[in-house]
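# Fold and contact review
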Amino acid sequence: MVHITQLPPELLNVILVLVAMSSDGAGDLARAALSCNALKNHAKESVVLKAVNFQRLTSNTEDFRKHRNRKGLLCLCARAGNQSAQAMMGKALLVQDPWFWGMIFGDSLLVHYWNVAPSEVLHHIDLVRSFILHASSLDVAAMCQALVNYVITYAGYKAARESGIVCAIYDMCSYKVSTVRAGRLRNNQFTISSVASVWVRSEPPRDKEFNRDTVITFFDELFSSVHG
């Protein structure tokens, strides 16, 4: 009988990609990598790292201390271009995790002092953008005020106000929260404590959902001349 680690590398990568794409992909891949060194090495392949699903962790995490490891799965995946990992790291920045902010600002020095390719350097603007696009609707809604604070801090109050992005964020998040609230009311769940602090309208916008793409359009215009 052939041991799994004796399979051709291409087939082993396919198996690990399927593991990484599961509903708890990050956890499943981490457990698989702990089983032996061969799987641990294959788990670091770019094709595998790009496929890891962090959605369960992103939605349930606001304490990122256990992910504070430059060589840990979250950072490796984010540097490999994994959108789910970048969205999770964007949330870490929005909740003001000091370690991740320090790492992001330190990244600009890595190209000069370490053998790190510019493509692997992470920028806070890109990570927050990934959060807006790829995080769950509830996660985005819960970060409403944090998103507003971020764009005002890094683009300036006047530029943020004049661009229209502040109102766009409130509209987007209001729709998301109203949708969640309606769903919970239908299921007799009358609390929405996870987003209770978010400023919301009493009703969703009447014409249509003010979606993420609209916010991203404002975001890209606002930060077109700013990076890192």
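Residues numbered from 1 in each chain as written. Predicted model: local features only at pLDDT ≥ 70, side-chain atom pairs only at ≥ 80, totals over all residues. Heavy atoms only, no water.

### Re a nonpolar patch on the surface
- On the surface, a cluster of nonpolar side chains totalling about 280 Å² of accessible area is made up of Leu11, Val14 and Leu18.
- Considering the arrangement of structural elements, one finds Leu18 in helix H1 (residues 9-20). (Patch = residues over 30% accessible without salt bridge, like charges linked within 9 Å, V, L, I, M, F, W, Y side chains within 5 Å. Areas by Shrake-Rupley, 256 points an atom, 1.4 Å probe, with all protein chains shown as cover. Salt bridge = Lys/Arg side-chain N within 4 Å of Asp/Glu carboxyl O. Helix = DSSP H or I, 4+ residues; strand = E, 2+ residues; numbered from the N terminus.)

### A short note on the environment of Val151
- Considering the arrangement of structural elements, one finds Val151 in helix H11 (residues 144-155).
- Under the relative-accessibility criterion, Val151 is labelled buried at 1%.
- Residues Val151 and Val128 lie 23 residues apart in sequence; the distance between their C-alpha atoms is 9.8 Å.
- Each residue touching Val151, except ones within four places of it in the same chain, is listed here: Gly156, Ala160, Ile165, Ile169, Phe219, Leu222 and Phe223. (Buried < 20%, exposed > 50% of the residue type's maximum accessible area, 1.4 Å probe, protein only. Contact = heavy atoms within 4.5 Å.)

### Section: unusual backbone geometry
- Its identity is not glycine, yet Gln96 carries a phi of approximately 65 degrees, on the positive side.
- Counting through the fold element by element, Gln96 comes out in the loop between helix H7 (83-94) and helix H8 (98-113).
- A residue is classified by how much of its surface remains accessible, and Gln96, at 55% relative accessible area, is exposed.

### With respect to the layout of surface pockets
- Taken as a whole, the largest pocket holds about 270 Å³ of empty space.
- Residue assignment for the lining of the largest pocket shows that the elements contributing at least two residues are helix H2 (25-33) and helix H6 (73-79).
- Its residues placed into classes, the lining of the largest pocket shows eight nonpolar, one polar and three charged. (1 Å grid on protein atoms, 1.4 Å probe; cavity = no way out; pocket = protein on both sides within 12 Å on 5 of 7 lines; lining within 4 Å. Points joined across faces, edges and corners; volume = space filled by probe spheres on them. Nonpolar A, V, L, I, M, F, W, Y, C, P; charged D, E, K, R; others polar.)

### Some points on the confidence of the model for the protein
- Mean pLDDT for the protein: 79, with 74% of residues reaching 70 or above.
- Contacts from residues 189-208, a stretch scored under 50 in pLDDT, to residues over four places away or in other chains number 33 contacts. (pLDDT = per-residue confidence, 0-100.)

### Structural notes on the nonpolar core
- The biggest cluster of nonpolar side chains holds 58 residues, and the ones touching the most others in it are Met89, Phe100, Leu147, Tyr150, Val151, Ile169 and Phe219.
- Tallying contributions element by element places helix H13 (residues 165-186) first for this core, with seven residues. (Core = buried A, V, L, I, M, F, W, Y, C linked by side-chain atoms within 4.5 Å.)

### A closer look at H1
- The terminal C-alpha atoms of H1, which comprises twelve residues, lie 16 Å apart, in line with the 16 Å expected from a rise of 1.5 Å per residue.
- Leu12, Asn13, Leu16, Val17 and Ala20 are the residues of H1 that are buried. Summarising the axial view, the buried residues of H1 lie within an arc of 140 degrees, below the 170-degree limit, and thus occupy one face.
- In the core, the buried residues of H1 are packed alongside H2, helix H3 (37-42) and helix H4 (46-49). (Expected span 1.5 Å × (residues − 1). Arc of directions from axis to C-beta.)

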